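What the coordinates show
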Amino acid sequence: MSNIVAIVGRPNVGKSTLYNRLTESRKAIVDDFSGVTRDRHYGIAEWVGRSFNVIDTGGYVANSEDVFEAAIREQVVIAIEEATCILFVVDVTTGITDLDDEIASILRKGKKPVFVVVNKVDNNAQQSDATEFYALGLGDIYNISSMTGSGTGELLDEVIKTFDDEPAEENTLPKYAIVGRPNVGKSSIINALIGHERNIVTPIAGTTRDSIHIHYNRYGHEFMLIDTAGMRKKTKVKENIEFYSVMRTIKALEEADVIVLMVDAQEGIESQDINIFHLAEKNKKGIMVVINKWDLIEKNTKTTKVFEEMIHEKIAPFVDVPIVFTSVTEKQRLLKVLETADMVYKNRAKKIPTSKLNDVMLPIIENYPPPALKGKHVKIKYVTQIAGTSPMFAFFCNLPQYIKEPYKRFIENKLRDNFDFAGVPIQIFFRQK
Ligand code: GDP
Ligand code: GDP
């Protein structure tokens, strides 16, 4: 589902309010992470059972006055290229401004579906004011109030009609996506691995039209690399590099089996990197961390350990993630990256035989059963792995509703201790037997 809905428009029209409304509703149902930083500008929304990515361009606007109009124009161009459809937000209380006109003319030239979203239509009187926006020449208008949510349902009904249907999987090679903030070394590692044999595979059915896939087959490793790095030349405004990279990353992430999250050792893990973790976990993808530019770090015998602890602290509670320290420039541990990605790929596909699973897990559960609730004892009788693209386990018991989060976590940790699932999210279900 790499559908991306981009929210564009000039400042103060209500883009971020709309973004929050679209993603919050979903958050209430699905997002069970606590302490997630709220400063992110992309997230997952859901409407009538369909999930999609939403990106708020307002979050990427330049601070300096002189570049901001240019930045907005460029964002619109990027949105046309990368998004599935565009929500062009305008403000009924101000009417059409010059910048609205300019954005509209860029959108008219693009080939992507555009929805003119007239925001702040908080009451009936404003419905008639809104008709002025037909003059933008972009077809139908959708009157909404992001504040109250009115009108958003009608809008979303139309938005989801623009989505691509699930593409058929054709290529069975493992897919690794190298992602990370600009300048961490993504292009460098790809060049170092591929060298002059770089062979850009033309898009194949079931892959995003314009993501770059590289077929790698060397030293006993064969896989597809999804490159998100090649966007730099396309952006002129510095602030938009991030915006572009987020769009590319979302797409790559959905196609990949394993996410190779690259981080600059000197900068460490930041909120954008944490977001990638959450996206990987939500999408049930494998993930590993590459701490690059290790050559630039002054080291003693404890440095690696200190780094590992720092990273684990940031990515908690999903800490069972392999970390590789690399220097691309000094060609250190580059093959280790591939070996680790391969291991994560295999962990994700791992199937534990039911007998083994029960032999290991039932005694653990017997020694440490779920705490009794209201005098009732939960008895777990049997466990089995459910077929799927990522590990899922069903524990059959008498009172599944009595099992709480801490016990679930305990079970997850025991699964991880006994069967290697490094880098892979695990889903655990308790079911009535
Ligand atoms: P952005 O710069 O486009 O992201 O705009 P914001 O989402 O930050 O909103 C700008 C201002 O408009 C804020 O003060 C919002 O509270 C207000 N606003 C947003 N949506 C609505 C709406 O539907 N009705 C009204 N009356 N105000 C709104
Ligand atoms: P990208 O934006 O993530 O694709 O990053 P690049 O691959 O373009 O790298 C950004 C800069 O970091 C370039 O100047 C690289 O030469 C440099 N660089 C990449 N890897 C390393 C490394 O391991 N050590 C050092 N010292 N510099 C590196």
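Analysis parameters
- Residues numbered from 1 in each chain as written.
- Chains lettered and ligands numbered in written order.
- Predicted model: local features only at pLDDT ≥ 70, side-chain atom pairs only at ≥ 80, totals over all residues.
- Near = placed C-beta within 6 Å.
- Helix = DSSP H or I, 4+ residues; strand = E, 2+ residues; numbered from the N terminus.
- Nonpolar A, V, L, I, M, F, W, Y, C, P; charged D, E, K, R; others polar.
- Pairing = 2+ DSSP bridges.
- Axes fitted to C-alpha atoms, helices over the stretch in contact; angles between N-to-C directions.
- Core = buried A, V, L, I, M, F, W, Y, C linked by C-beta atoms within 7 Å.
- Buried ≥ 20, exposed ≤ 12 C-beta atoms within 10 Å, placed from the backbone.
- Contact = placed C-beta atoms within 7 Å.

Among the 15 residues in the neighbourhood of ligand 1, the closest are listed as Gly14, Lys15, Ser16, Thr17 and Met147. The biggest single contributor to the shell around ligand 1 is helix α1 (residues 15–30), with three residues. Looking at the shell around ligand 1 residue by residue, the classes come out as three nonpolar, nine polar and three charged.

Here we take up the sheet that holds strand β6 (residues 141–143). Either a parallel or an antiparallel arrangement is found when strands of a sheet pair, and the pairing is made through backbone hydrogen bonds. Spatially, β2-β3-β1-β4-β5-β6 is the arrangement adopted by the six strands of the open sheet, whose pairing is mixed. Both outer strands of the open sheet, β2 (42–47) and β6, are each paired with one neighbouring strand and no more. If you compare each strand with its neighbour and ignore which way they point, the axes differ by 30 degrees on average.

Let's shift gears to the nonpolar core. In this structure, Phe88, Val116, Ile259 and Val260 are the most contacted members of the largest nonpolar core, which totals 98 residues. Of all the elements, helix α7 (residues 239–255) adds the most residues to this core, at seven residues. Excluding residues that lie within four positions of it along the chain, Ile259 makes contacts with Ala177, Val179, Leu253, Ile276, Ala280, Lys285, Gly286 and Ile287. Within the second largest apolar cluster, ten residues are counted, among which are Met361, Val383, Cys397 and Phe430.

A separate point is the environment of Ser150. Inspection of the secondary structure assignment puts Ser150 in the loop between β6 and α5 (152–159). Its 14 C-beta neighbours within 10 Å are what place Ser150 among the partly exposed residues. With 93 residues separating them in the primary sequence, Ser150 and Phe243 have C-alpha atoms 29 Å apart. Excluding anything up to four places from it in sequence, Ser150 contacts Ile144 and Ser145.

Here the amide bond leading from Ala316 into Pro317 is cis, since omega sits at 5 degrees, within 30 degrees of zero. By the secondary structure assignment, Pro317 is in the loop between α9 (303–315) and β13 (323–325). At Val48, a position not held by glycine, the phi torsion is positive, near 35 degrees. For Val48, the location among the structural elements is in the loop between β2 and β3 (50–56). At Lys284, a residue that is not glycine, the phi angle is positive and equals roughly 55 degrees. Here Lys284 lies in the loop between α8 (271–282) and β12 (286–292).

Looking now at the sheet that holds strand β15 (residues 392–397). Spatially, the three strands line up as an open sheet ordered β14-β15-β16, and their pairing is mixed. Of all the strands in the sheet, the pair left with one neighbour each is β14 (380–386) and β16 (427–432). Neighbour-to-neighbour, the strand axes of this sheet turn through a mean angle of 25 degrees, independent of strand direction. Examined bridge by bridge, β15 and β16 share six bridges and lie parallel to one another. Looking across to β16, one finds that Phe393 is bridged to Ile428.

Here we come to the site of ligand 2. Taken together, 16 residues are adjacent to ligand 2, and Gly185, Lys186, Ser187, Ser188 and Val328 come closest. The greatest single-element share of the shell around ligand 2, amounting to three residues, is contributed by helix α6 (residues 186–194). Looking at side-chain class alone, the shell around ligand 2 contains five nonpolar, eight polar and three charged residues.

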